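Inside the fold
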Amino acid sequence: MTIKYVAAEDTEAQWGDKKAIMRRYEGLNIYTLNRWLTEMRDIPKFRKGVINPTHKLVWINFEVFGEFLLWKQHVYLK
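Read on for a plain summary of the structure. Quick caveat: nothing in here was measured; it's all calculated off a predicted structure.

Focus: helix 2 (residues 30-42)
Taking 1.5 Å as the rise per residue, helix 2 with 13 residues should run 18 Å; its terminal C-alpha atoms sit 18 Å apart, in good agreement. Three or more residues of helix 2 are buried, namely T32, L33, L37 and M40. All buried residues of helix 2 lie within an arc of 135° about the axis, which places them on one face of the element. Of the exposed residues in helix 2, the ones pointing more than 90 degrees away from its buried face are Y31 and D42. As for helix 2, its buried residues are in contact with helix 1 (18-24), helix 3 (44-47), strand 2 (50-51), strand 3 (59-61) and helix 4 (62-77). With a side-chain oxygen lying 3.2 Å from the backbone nitrogen of Y31, the N-terminal cap of helix 2 falls on N29.

Written as structure tokens, this is what we have:
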């Protein structure tokens, strides 16, 4: 089964799959993305940004993922 999100009217997508995230963040590889998604699921603040309706399907909230990256930068720089 293939699911494709099509934005209604002139709205922007809020959720996307792993490929959509990797298109937005060029240079991000699947190995790093998978580790970060696992980390997001483990942190209550970012858990709401990853949805797994089935074991093969994952949707990531673009805004929450961006917040997670800023949080990682802040923690890394400490």
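Picking up where we left off.
So, the packing of aromatic side chains
Going through the model one piece at a time under the given rule, you end up with seven aromatic pairs. Ring plane angle 80° and centroid distance 5.4 Å describe the contact between F46 and F68, whose orientation is recorded as edge-to-face. With F46 in helix 3 and F68 in helix 4, this residue pair connects regions lying 22 residues apart in the sequence. In terms of burial, F46 and F68 fall into one category: buried. The aromatic ring of F62 is capped on one face by R24, whose charged end is 3.6 Å from the ring centroid.

Thoughts on the sheet that holds strand 2
Spatial ordering of the open sheet is given by 1-3-2, a layout of three strands whose pairing is antiparallel. In this open sheet, the two strands that pair with only one neighbour each are strand 1 (15-16) and strand 2. Bridge analysis of strand 1 against strand 3 gives two bridges, and the strand direction is antiparallel. In the sheet register, G16 faces strand 3, and the bridge partner there is I60. Across the sheet, helix 4 is in contact with strand 1 and strand 3; its angle to strand 3 comes to roughly 65°.

Thresholds applied
Residues numbered from 1 in each chain as written. Predicted model: local features only at pLDDT ≥ 70, side-chain atom pairs only at ≥ 80, totals over all residues. Heavy atoms only, no water. Helix = DSSP H or I, 4+ residues; strand = E, 2+ residues; numbered from the N terminus. Expected span 1.5 Å × (residues − 1). Buried < 20%, exposed > 50% of the residue type's maximum accessible area, 1.4 Å probe, protein only. Arc of directions from axis to C-beta. Contact = heavy atoms within 4.5 Å. Polar contact = N/O pair within 3.5 Å; in protein donor to acceptor, adjacent residues only side chain to side chain. Phe/Tyr/Trp six-rings, centres within 6.5 Å; stacked < 30°, edge-to-face > 60°. Lys NZ or Arg CZ within 6 Å of the ring centre and 35° of its normal. Pairing = 2+ DSSP bridges. Axes fitted to C-alpha atoms, helices over the stretch in contact; angles between N-to-C directions.

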